[in-house]
Amino acid sequence: MSQAPGTARQRSRRACLPCHRRKKKCDGNLPCSTCTGYGYDCQYNDDVRRTVPKRSAGSDASSSFHAAKPGYASSESRIRPRQGIAAANAGAIFEPAKLRYMRRHSCVAFPLVVGLELEAAHPPRLHSFAYHTGIRKEVDYVASYMLVENISWSEVKNLIDAYASTIHPVFGFLDISSLYRRSEEHWNGKPQGLHFESVISGVIALASLFSGFLNEETEARVVQHAKEILEVRRYPTIEQIYASILRTIYVRATGRPHVAWLCSCVTMHSIEATGLQQLEATVLSNGKPLQSSKQAISKSERRTAQVVYCLHVMIAYEYGRSIMDISSWPDELVDFPTEAEDFTPELYRLIKCIPPENATSDSISGPQDLVLALKNVTATHVSHDFAILVRTDIAFSIYRRLRLLVPSLPQDQLDQVIDAGNSALPAALRLVRQHQPWWNVIGSVFQFVCVLLAVDTTASIAKVPESMETLEIIVEILNTPFATEALNVVRQLIRASLDKKRKSVSILESISEVSTPNGAEYQPVQNDALFDPFLQATLTANFDSLLDMDFMI
């Protein structure tokens, strides 16, 4: 190949040890391209380490997140240049055909690595050789529920439309046109496989939850069908991840917090197993190593990984559980082609405001980080009603952490929290009147009343009547025992707050030295008259709004 005029051939001053030993071309980087492609352990002699060219800015950026984490390389290690995540990723292996990702030190990857290092003509495939004794056959899932026989294609079309108009705009990761086309084929004699059936089952279940199109018994059977398919995971697939996301959303909207958190963790582990969050790895194609995984993972798959991260953090942070962090996530969501409005970036921007927490302990972020996060979250503009409620939930989560660290929060921070709660009231009403049972249509309003009582200032107490009125309307529309229970709990808290204030007034009244101005004799006010809104029509401004409420439990 002829060189361009005025350019000279670029040679590396020193080759790494594997390239020098095998007499292969080395570009002098760490790791070099040859070692990256073949999975070799790229090393340089200590006396030439200073001459190794510096890594590019991109490599530094990718390694910055994990550089401070223990366990990647020891200061006593003989191979000092292999510190940081960049070297670890270069030793990782990604197999697009089966969507599998693992580190080179994995027991599954080791036979292949050894074969490559020995320059075997046919190195072992990436497989779990000798993982167990093999005395039992793997259990296969045999579908006991025939989805296509129990739900008609016309019903499925309506349910996909309902999903596309409600869930997809805020959790946009599915290609709706492809979903529609494959579903039509699936219902017309061209089966798309069990993994696809778990996806469409998740779509049907969520769409039924939001539309009421199916009866509860049929919906529950479809949910169980998807769960049974997901429990048999020989190796991860993108369709399994899709189905796992849909199941996590459904469980968060209908199940217990512990189960929802576990579902989100399983989905995050699936992302880790597929390597969709990684940017650099050795790619295998037909058993041969290629250069990089950047082109092997599509934008839609990266978008899926970010949606999983967003959903997991949302659930874990509110619940107070550990957050899995398997990658340095970018600041912006990957673009995703969609015909409808895309509000998923709004959720992602909110999640990126959350400060990191130590997943290995019960410690929470410091006050400064939390204050900054509160400011950033409340200043983030969102337009979808569900995103408004998520913003409120995050603000409340930050407040609950702050009040454990700071005895008395400044008024401006309290105002930020209360303003976030105020914005949730009309948003929750709109969603519940549209029959969209997002989990926070009642949760955000319930938590707002709890926050107002905890703040316990004149300004916060003045917001209680409006919040209670909103909650009562929501409970009346939902008309479920779960919603009624929440309403009764906040009424109990209000009664407790009222009793506490009565005790305080009683103590003050018992002080004999208290007198009115100008020497007039002090006339104590009867407790019943002071605190019963039905006996006193005119009260002080501080208590008017609170005592107009119904305190019956």
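Reading the values: the criteria
- Residues numbered from 1 in each chain as written.
- Predicted model: local features only at pLDDT ≥ 70, side-chain atom pairs only at ≥ 80, totals over all residues.
- Heavy atoms only, no water.
- Helix = DSSP H or I, 4+ residues; strand = E, 2+ residues; numbered from the N terminus.
- Buried < 20%, exposed > 50% of the residue type's maximum accessible area, 1.4 Å probe, protein only.
- Contact = heavy atoms within 4.5 Å.
- Areas by Shrake-Rupley, 256 points an atom, 1.4 Å probe, with all protein chains shown as cover.
- Phe/Tyr/Trp six-rings, centres within 6.5 Å; stacked < 30°, edge-to-face > 60°.
- Lys NZ or Arg CZ within 6 Å of the ring centre and 35° of its normal.
- pLDDT = per-residue confidence, 0-100.
- Salt bridge = Lys/Arg side-chain N within 4 Å of Asp/Glu carboxyl O.

Colleague: I'm lost on the overall build of the protein chain in this one. Help?
Modeller: The number of helices and strands found in the protein chain is 23 helices and four strands. Sorting the 553 residues of the protein chain into buried and exposed places 45% on the buried side. Summarising the internal contacts of the protein chain: among those between residues at least 6 apart in sequence, 65% fall at separations of at least 24. In the form shown here, the protein chain has an accessible surface area of approximately 29500 Å², with 52% of it arising from carbon and sulfur atoms.

Colleague: Please explain the packing of aromatic side chains as it appears in this structure.
Modeller: The relative placement of two aromatic rings is captured by the distance of their centres and the angle of their planes. Summed over all chains, the structure comprises 10 aromatic pairs. Arranged with centres 5.4 Å apart and planes meeting at 90°, the rings of Phe 386 and Trp 439 form a pair that is edge-to-face. Residue Phe 386 is found in helix H16 (residues 385-405), and its partner Trp 439 is found in the loop between helix H17 (411-433) and helix H18 (440-455); the two are separated by 53 residues along the sequence. With respect to burial, Phe 386 and Trp 439 carry one shared label: buried. Ring plane angle 85° and centroid distance 5.8 Å describe the contact between Trp 438 and Trp 439, whose orientation is recorded as edge-to-face. Classification of Trp 439 by relative accessible area gives buried; the value is 10%. One aromatic cluster is present, formed by Phe 171, Phe 210, Phe 386, Trp 438 and Trp 439 through successive ring pairs. Arg 321 extends its terminal NZ or CZ atom over the ring of Trp 261, reaching a point 4.9 Å from the ring centre.

Colleague: Can you walk me through the confidence of the model for the protein chain in this structure?
Modeller: Parts of the model with low pLDDT should not have their predicted coordinates read in detail. Counting all residues, the mean pLDDT for the protein chain is 79, and 73% of those residues have values of 70 or more. Taken element by element, the predicted model of the protein chain shows its lowest mean pLDDT in helix H3 (residues 57-64) (36) and its highest in helix H20 (residues 464-478) (97). Every residue in residues 46-89 is under pLDDT 50, and counting partners more than four places away or in other chains gives 53 contacts. pLDDT under 50 marks residues 527-553. Its contacts with residues more than four places away, or in other chains, come to 40 contacts.

Colleague: What is the right way to look at the pattern of salt bridges in this model?
Modeller: Pairing between side chains of opposite charge can happen when the charged atoms of each approach one another. For the structure shown, the criterion picks out nine salt bridges. Across the salt bridge formed by Glu 472 and Arg 491, the nearest N and O atoms sit 3.3 Å from each other. One end of the pair, Glu 472, is in helix H20; the other, Arg 491, is in helix H21 (residues 481-509), and 19 residues separate them in sequence. For Arg 491, a relative accessible area of 12% translates into the label buried.

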